[in-house]
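A structural walkthrough
For reference, the chains in residue letters:
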Amino acid sequence: PASEDGVMKSTWQGKAGRSPLQALYDNYQSEQSSLQVVHHQRRELLSNVCNRYTRKRRLLQRDDLRHLVVDDTHGLLYCYVPKVACTNWKRVMMVLTGQGKYQDPLEIPANEAHVPSNLRTLSEYSVPEINYRLRSYLKFIFVREPFERLVSAYRNKFTLSYNTAFHKHYGTKIIRRHRQEPSDEALERGDDVRFEEFVYYLLDPRTQQEGPFNEHWERVHSLCHPCIIQYDVVGKYETLAEDANYILQLVGADTSIKFPASPKASRTTDDMTARFFQNISPFYQRRLFNLYKMDYLLFNYSMPSYLRIR
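Described below are features of the structure shown in this document. (Residues numbered from 1 in each chain as written. Predicted model: local features only at pLDDT ≥ 70, side-chain atom pairs only at ≥ 80, totals over all residues. Heavy atoms only, no water.)

It is worth spelling out the pattern of salt bridges at this point. Applying the stated criterion to the full structure yields 17 salt bridges. A salt bridge links arginine 144 to glutamate 148; the nearest nitrogen and oxygen atoms lie 3.5 Å apart. Considered together, arginine 144 and glutamate 148 belong to a single accessibility category, that of buried residues. For glutamate 218, the salt bridge identified is with arginine 219, shortest N-O distance 2.8 Å. For the pair glutamate 218 and arginine 219, one class covers both residues: buried. Because the salt bridges share partners, they merge into one network encompassing Arg179, Asp192, Arg194 and Glu197. (Salt bridge = Lys/Arg side-chain N within 4 Å of Asp/Glu carboxyl O. Buried < 20%, exposed > 50% of the residue type's maximum accessible area, 1.4 Å probe, protein only.)

This brings us to helix H3 (residues 86-97). Taking 1.5 Å per residue, twelve residues should reach 16 Å; H3 reaches 16 Å between its end C-alpha atoms and fits that length. Counting buried residues in H3 gives eleven out of twelve residues, a clear majority hidden from the surface. Among all positions in H3, only Cys86, Asn88, Trp89, Lys90, Arg91, Val92, Met93, Met94, Val95, Leu96 and Thr97 are buried. Contacts made by the buried residues of H3 are with strand S1 (68-71), strand S2 (76-79), helix H4 (110-113), strand S3 (138-143) and helix H12 (240-250). Among the residues trailing H3, glutamine 99 stands out with phi positive, at a value near 50°. (Helix = DSSP H or I, 4+ residues; strand = E, 2+ residues; numbered from the N terminus. Expected span 1.5 Å × (residues − 1). Contact = heavy atoms within 4.5 Å.)

Shown next as structure tokens:
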């Protein structure tokens, strides 16, 4: 901005060096340009992998758009992926779209962020409105190392006592199919599913035949269709704070809106994920990796070093 330039020129220190304001501005510009390079590289890789592995691009169906949250105020489309900071992103989207109703994302209870009526998705619009938004709005997605996300979903849905709905719906089925001689209590409650049993369930042909995976362990490419929808920004869980701020700056969000910091205490880490895979045989490790392989390729994640399938 001209006013900033004027200040910078008047406070320039000559041979003694740059003014503090000039240094800050230069650092900011440098950070922005390096972020632009990073996001350009992510888009390029995504495009190359899509071209290599997708022979025929199908048309989008309305059902494909259920995960795309719309912010008409800022011209923003966000494809939410469970277990990739999606609660906090939904909170931020509620602040962005709330016409001043919400000020601080962290004031919004987590369960309220997931109430469908609080945010509109692209599937609710007419076809012309959908096409206009896909062409014109800034589209972004956040991704995470696939097995880390998978273990995070398992820990959240099967090891916490309050997730009784998941225990009843999925846990009882998994135990019935994949545990030898289960107890009556386990069949009734479904609250002690082992990670190995969860893996067997994911790889069971019957599971695939019954319909799409639950969104918490569905592959990102099946939730957000990145080979059909051209995302402008691919954010990563590993660089969450920088990528979130970058997006908020791109759309000109009010500077008072800050993306919430994630608590590190309960976060699923790479070391923790490795421990969960210790009891999975190389045969099942390979099959599970193949199941999530497209997410590894599309978003530039390496095969985990703890897998015994090389």
